Every structure is written in C-alpha cells, then in structure tokens.
Amino acid sequence: MPVDFHSALGLSDASLSAGKGDAFAVTSPIDGRELAAVTAHTVDQVDDAIAASRDAFMQWRAVPAPRRGELVRRLGNTLREHKTELGRLVSIEVGKITAEAEGEVQEMIDICDFAVGLSRQVGGLTIPSERPDHHLLERWHPLGPIGVITAFNFPVAVWAWNAALALVCGDPIVWKPSEKAPLCAVACDALLQSVVGGFEDIPPGGRLNWVVQGRREVGERVAASEKLPLISATGSIPMGKAVAQVVGARLGRSLLELGGNNAMLVTPSADLELAVRAITFSAVGTAGQRCTSLRRLFCHRSVTDDVVGRLEKIYGQLSIGDPTKPGTLVGPLIDAAAAVAMDAALEQAKEQGGAVFGGGRATGGDIPAGGAYVKPAIVRIDSEAPIVACETFAPILYVLEYDDLNDAIARHNAVPQGLSSAIFTNDVREAERFLSATGSDCGIANVNIGTSGAEIGGAFGGEKDTGGGRESGSDAWKAYMRRCTQTVNYGRALPLAQGINFDV
Ligand code: UN1
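Chemist: Before we go on, may I ask you to explain the sheet that holds strand S16 (residues 420-424) in this structure?
Modeler: Remark on secondary structure: sheet strands pair via backbone hydrogen bonds, oriented parallel or antiparallel. Read across the open sheet, the seven strands follow the order S12-S13-S14-S11-S10-S16-S17; overall the sheet is mixed. Of all strands in the sheet, those bounded by a partner on one side alone are strand S12 (355-358) and strand S17 (444-447). Between one strand and the next, the sheet's axes are offset by a mean angle of 20°, whatever the strand orientation. In this structure, strand S11 (residues 294-300) lies alongside strand S14 (residues 396-402), joined through five bridges in parallel fashion. Of the residues in S14, the one forming a bridge with Leu297 is Val399. This element, helix H11 (residues 304-317), spans strand S10 (262-266), S11, S12, strand S13 (377-380) and S14 of the sheet and lies at about 160° to S13.

Chemist: Looking at this structure, how should I read helix H3 (residues 65-81)?
Modeler: Each full turn of the α-helix corresponds to 3.6 residues, which orients residues three or four apart in the same direction. Under the 1.5 Å per step criterion, the end-to-end length of H3 is 25 Å for 17 residues, consistent within 8% with the ideal 24 Å. Of the positions making up H3, those classed as buried are Ala65, Arg68, Gly69, Glu70, Leu71, Val72, Leu75, Gly76, Thr78 and Leu79.

Chemist: What is the right way to look at the site of the ligand in this model?
Modeler: Around the ligand, a shell composed of Glu107, Asn153, Phe154, Trp161, Arg290, Cys291, Thr292, Ser452, Gly453, Ala454 and Phe460 is seen. Between Arg290 and the ligand, the recorded distance is 2.9 Å, taken from a side-chain N or O atom to an oxygen atom. A distance of 2.6 Å separates an oxygen atom of the ligand from a polar atom in the side chain of Thr292. Calculation on the ligand without its partners gives an accessible area of 320 Å², and the protein chains cover 99% of this total. Here the residues of the shell around the ligand are counted per class, giving five nonpolar, four polar and two charged.

Chemist: What exactly am I supposed to notice about a nonpolar patch on the surface here?
Modeler: A cluster of nonpolar side chains, contributed by Leu494, Leu496, Ile500, Phe502 and Val504, occupies part of the molecular surface with about 630 Å² of accessible area. Secondary-structure assignment places Val504 in the segment after strand S21 (481-489).

Chemist: Just checking my understanding: could you explain the sheet that holds strand S3 (residues 126-127) for this structure?
Modeler: Taken together, the three strands give an open sheet; going across it, the order is S3-S4-S21, and neighbouring strands pair in antiparallel fashion. At either end of the open sheet lies a strand with only one pairing partner, and these are S3 and S21. Where strand S4 (residues 134-142) and S21 come together, nine bridges link them in antiparallel fashion. Of the residues in S21, the one forming a bridge with Glu138 is Thr485.

Chemist: I keep staring at the packing of aromatic side chains and nothing clicks. Help me out?
Modeler: Within a pair of aromatic rings, the relevant descriptors are the distance that separates the centres and the angle that separates the planes. On inspection of all chains with the given rule, the structure shows five aromatic pairs. Relative to Trp175, the ring of Trp159 has its centre 5.1 Å away and its plane inclined at 15°; by these criteria the two rings are stacked. Linking Trp159 in helix H6 (residues 157-169) with Trp175 in strand S6 (residues 173-176), this pair joins segments that are 16 residues apart in sequence. Note on accessibility: Trp159 and Trp175 belong to one class, buried. Ring centres of Trp161 and Phe460 lie 4.9 Å apart, and the angle between their planes is 55°; this geometry places the pair in the tilted category.

Chemist: What am I meant to see in the confidence of the model for the chain here?
Modeler: Interpretation of this model should avoid reading the predicted coordinates in detail wherever pLDDT is low. On average, residues of the chain score 97 in pLDDT, and 98% of them reach the 70 mark or higher. Considering only residues more than four positions removed or in separate chains, one finds that residues 1-5, a stretch of pLDDT under 50, has eleven contacts.

Chemist: Looking at this structure, I do not really get the pairing of strand S9 (residues 253-257). What am I missing?
Modeler: Within a regular strand, the side chains alternate between the two sheet faces. Judged from the five bridges that link them, strand S8 (residues 230-234) and S9 form a sheet pairing that is parallel. Paired with Ile231 across the two strands is Ser254, which belongs to S9. A crossover connection joins S8 to the parallel S9 through helix H9 (residues 237-249); in handedness this β-α-β unit is right-handed.

Chemist: What is the right way to read the pairing of strand S5 (residues 146-149) from this model?
Modeler: Burial along S5 is two-sided: the residues Ile146 and Val148 and Gly147 and Ile149 are all buried. Sheet topology note: the S5/S6 ladder contains four bridges and is parallel. Paired with Gly147 across the bridge in S6 is Val174. Pairing analysis gives four bridges linking S5 to S8, with the strands arranged parallel.

Chemist: Got a minute to help me understand the packing of H3 against helix H4 (residues 83-94) in this structure?
Modeler: To describe two helices that pack against each other, one gives the angle between their axes and the distance between the axes. Here H3 crosses H4 at 75°, and the two axes come no closer than 5 Å. Relative to H4, the element H3 is oriented roughly perpendicular. In this structure, H3 contributes Leu79, Arg80 and Glu81 to the contact, and H4 contributes Lys83, Glu85 and Leu86. The residue inventory of the contact of H3 with H4, partitioned by class, reads two nonpolar, no polar and four charged.

Chemist: Is there a simple way to explain the pattern of salt bridges in this structure?
Modeler: If charged atoms from side chains of opposite charge come close, those side chains can pair. Under the counting rule described, the total for this entry stands at 27 salt bridges. For Asp306, the salt bridge identified is with Arg310, shortest N-O distance 3.0 Å. Highlighted residues: Asp306 and Arg310, both in helix H11, separated by four residues, approximately one helical turn. If you follow the salt bridges from partner to partner, you end up with Arg67, Glu70, Arg73, Arg74, Glu200 and Asp201 in one network.

Chemist: In this structure, what is going on with the layout of surface pockets? I would like to understand it.
Modeler: Rolled over the atoms, a probe with the dimensions of a water molecule shows which regions are left empty. Taken as a whole, the largest pocket spans an internal volume of roughly 1100 Å³. Lining the largest pocket are 41 residues; nearest its centre among them are Ala151, Thr234, Gly235, Ser236 and Met239. Considered class by class, the residues forming the lining of the largest pocket number 20 nonpolar, eleven polar and ten charged. Estimates place the volume of the second largest pocket at around 230 Å³. Forming the boundary of the second largest pocket are 15 residues, of which Ala18, His41, Asp189, Arg207 and Val211 lie nearest the centre.

Chemist: When you look at H9 in this model, what are you seeing that I'm missing?
Modeler: With 13 residues, H9 should reach 18 Å at 1.5 Å per residue; the first-to-last C-alpha distance of 18 Å fits that figure. Within H9 the residues assigned to the buried category are Ile237, Gly240, Val243 and Val247. Along the axis of H9, the buried residues cluster in a sector spanning 120°; they form a single face. Turned more than 90 degrees off the buried face of H9, the exposed positions are Pro238, Gln245 and Ala249. Measuring from the backbone nitrogen of Met239 back to the side-chain oxygen at the start of H9 gives 3.1 Å, which picks out Ser236 as the cap.

Cut-off values and rules
Residues numbered from 1 in each chain as written. Predicted model: local features only at pLDDT ≥ 70, side-chain atom pairs only at ≥ 80, totals over all residues. Heavy atoms only, no water. Pairing = 2+ DSSP bridges. Helix = DSSP H or I, 4+ residues; strand = E, 2+ residues; numbered from the N terminus. Axes fitted to C-alpha atoms, helices over the stretch in contact; angles between N-to-C directions. Contact = heavy atoms within 4.5 Å. Expected span 1.5 Å × (residues − 1). Buried < 20%, exposed > 50% of the residue type's maximum accessible area, 1.4 Å probe, protein only. Near = heavy atom within 4 Å. Polar contact = N/O pair within 3.5 Å; in protein donor to acceptor, adjacent residues only side chain to side chain. Areas by Shrake-Rupley, 256 points an atom, 1.4 Å probe, with all protein chains shown as cover. Nonpolar A, V, L, I, M, F, W, Y, C, P; charged D, E, K, R; others polar. Patch = residues over 30% accessible without salt bridge, like charges linked within 9 Å, V, L, I, M, F, W, Y side chains within 5 Å. Salt bridge = Lys/Arg side-chain N within 4 Å of Asp/Glu carboxyl O. Phe/Tyr/Trp six-rings, centres within 6.5 Å; stacked < 30°, edge-to-face > 60°. pLDDT = per-residue confidence, 0-100. Right-handed = clockwise from strand over helix to strand, strands pointing away. Parallel < 35°, antiparallel > 145°, perpendicular 65-115°, else oblique. 1 Å grid on protein atoms, 1.4 Å probe; cavity = no way out; pocket = protein on both sides within 12 Å on 5 of 7 lines; lining within 4 Å. Points joined across faces, edges and corners; volume = space filled by probe spheres on them. Arc of directions from axis to C-beta.

Right, dumping it as structure tokens:
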C-alpha cells in the first residue's frame, strides 16, 4: 500500500484494484512520485454498478426523506473527523495547498449540513384548484440513480455537492471521478460506506454509491445509460457538449458545470486594497485551476497602473512550492501538460500584442523537482485579442483597460463562457448596473469579493458554454427529483377543468 498513512480513508489495495480493466498509475503533482496503481473498471463492470444502483434506488426511494437526511448527517460527521486526512490526500493527489484542500473538505461538510435541513424541506406547493372539492398539489419524488462525472480540480467537494443532495432526494450515485484523482474518490466512497454500514434503512445490497474508475470510455458508458435519468458532469466544454448530446439523445437530464472565463471590473471608486487581495486569491489560488478562477481583469484607465503595480509586487513575492508546507500559496499545476498549455497561451498572448509579467517555471529553493511549478502571470492586453476568450487552466490574468462602464460590461459578456463575475466599486449605481438584467450575464455575480470561493448556500453554475447547470444550494435539489402534479377530487361530482361539458 503506497499511501500508507491513509488506511483511515479506506485506501486498501483491494479498493484500488476493484476494476478488471487496465491498471493506471496515479502520480502526485507535488513531485511526480507514484502514489498507487489503480485498475480501471470495464464497461461490463460499469453496467453492473448501474444495475446495482437501480436496485438500491427501488428501496432507498421509499425511505422517508428525513431518515435519508440522517444518513447524510452521519456522513457530515465522519467528514468532520477525517477533515485533516482527507484534506491531505487532496493535497497529495491534486496539489492543493493545505488551507484550500481542507477548505474543500469543509465545503463537503457544509453541503451535508445543508442537505440534512433540506431532507425536511423537499416539499411542493399546494395550488388553488379551479374546481370545487378538488385538491391540486405538486410532490417531489426521487428521480433515480444519478451519474456523477467529476474533474480533478475539486476531487471531493463536487462529488459531495451531488451526493449529499442526491442521497436526501432518494437517489443513489454512480461516480466516475477524474482519472487524475481516483484515490480521493475511493476515500470518499469509503467514508460514506463507513456510515452506510451501521445505518438501519440501507437497501439490501448495502451500498448507495458506486465508484467507476477509468478514462473516457467509462464516463461515456455512464452518460449513455438510460438507467441514469440525470447526469451531473463537471469538466471541459468539449466534454460537456459530448455528454449533453449523448444524454439529450436519450431524453435524459444533464446538469453541466463546464468552463469559466471569469472576469472582474475594478472601477475608479473601488477600494483597491481589497480589490488586489481578492484578485490575488481568485487569480492565483488553486494555481488558477478553479472553474471560478479570475482570468480577465477590466480596470478603469484611471486605476490600471496602480492595480497592476500592486499586483506585480505581490506576484513577485508569492511563495510557490510544496503545497503541504505551511506558508505556500501556490502549489503545482496538475501535470506537465498543464504547464505546457500555460506556456503556449502566454506565447499566443505575446503574438497578439500582450505584455507579459511572470510566467515560466518556478524552480530552485525548496521547490520539489518533478512537479509542474509555474510563476503566475499577468498579461496587459487588448480585450479583443482572441486569447482572452479562451480558458487556460493555469494562473494567467489578462488585464484589460476600459473607459466606459457599459462598454466594459459588454466586453465582459463577450466571451462564450458565463460562470462567475465580480465588480469592485463603492458606487451603488455601478454595482446595481452590474447585477441587473443588463449587467453581468453570468450565473454568479459578486460585488466587492472575488470570482472564486463561492459558498454552498447559493446555487452554483453558469450560463452559455458553462452549461447552464446549477448545483449545491438554493433549489438546485429539484434537478435530483421528479415533480408530480396531483389532483384529488374529494367531492361527489365530476367537474371538468376549463368548464368542459362532456355528459354521457
Ligand atoms: C470548480 O472549480 O469546479 O466557488 C468549483 C468556488 C468553489 C467551487 C469551484 N466553491 O471556487
């Protein structure tokens, strides 16, 4: 067992080699060291998992929702107990700094708490009927097993957003994690299983979550299955388009969380001290590998030099290196290919007239060999430059100048993606313009905070190429249930709606 100290998280050899397909190596982005070998699941095994999830659904749907919430309460408690270990595994497997890795586990705990409360609130409306002695209402019923496809960058929280809601909504889960983060998936599954074990209302198979490991073909099998009425997928825009077509062709539901190209406006009245801190967290946090990472910064011409000057000073002092070391703010990119993609984007930016500060490899000092450590980059460039419309999953911040707020908002919205956005201003007119129907076209719009780091209480997701899905808080749970409109006649006559007369 290579990751010896994680036995508490269920990372046994048996759980890593449950698949009967090819083995693939899991390496740590910290230093390239091999952590474990994991075997992929065959498509037959995926089918078996889906069939088992369907059987579990037939039972779990009948368990009262507040009892289902009790299971999620226990999951939240075990996550509290294992926050440090699971956070450490997140750091080791995907390279997040400790604070962010533990923050990700906290996000799991938060969504569990939210879902527990929800388990007593997944009710529907009672609607006035136009007919006498009739009762018109809507009820929300469990939907079926849910297929969840996740990305490497939030290897535990995104599963939890889906799983906590799905479980209280009465739906088991079939989870295809990123092949770059299979260990996190095994650990989450084992933690859930540890509470499922002692739970009284569990279906006979003793399971509510199935992890299917592997590459694209495993995800494709999950997406194509008619037994999974909802596919919740997080990842790239091309992946989402492929999933949407497969799921749409079988008239399934998809909940897509795809790329972002998030922007912030800094206006003349902004508190620049606050703005610069928010920009730094959003642009270089998670080494720029959040779908909510800040990528475009629209500065009013009167403040651009000041903002850029402050940022360059901070960027010059960022502690880059081993994410598990206290004090590190920027860990490695997920792999060497991500660093090459960053280099390529910066090259294109230069060709398109950009002036680049930073970029390139971070080496020397305590920076571990074998990882893809990069220096975050700031690029002053014209907002019309084609590279600005592309999401590169790396810490590149394009700084774009504006004179007129309405023009800045138009340029802000002129990209294919529509996830997260922010404005820094102390002018209520500017803030309200940005938040209004004629302002930001994103799923998330903030005032005086950055684009990343959303709380779980609001619905999370975005418009346009971001995919339109909403996960986690608010009424996102509705995607995981089916709505049933019901009319009950408790009278002795049979009045028809719309006053239709149909005497026989
Ligand atoms: C993601 O990058 O896929 O708002 C999710 C945030 C986090 C979630 C990001 N709560 O940055």
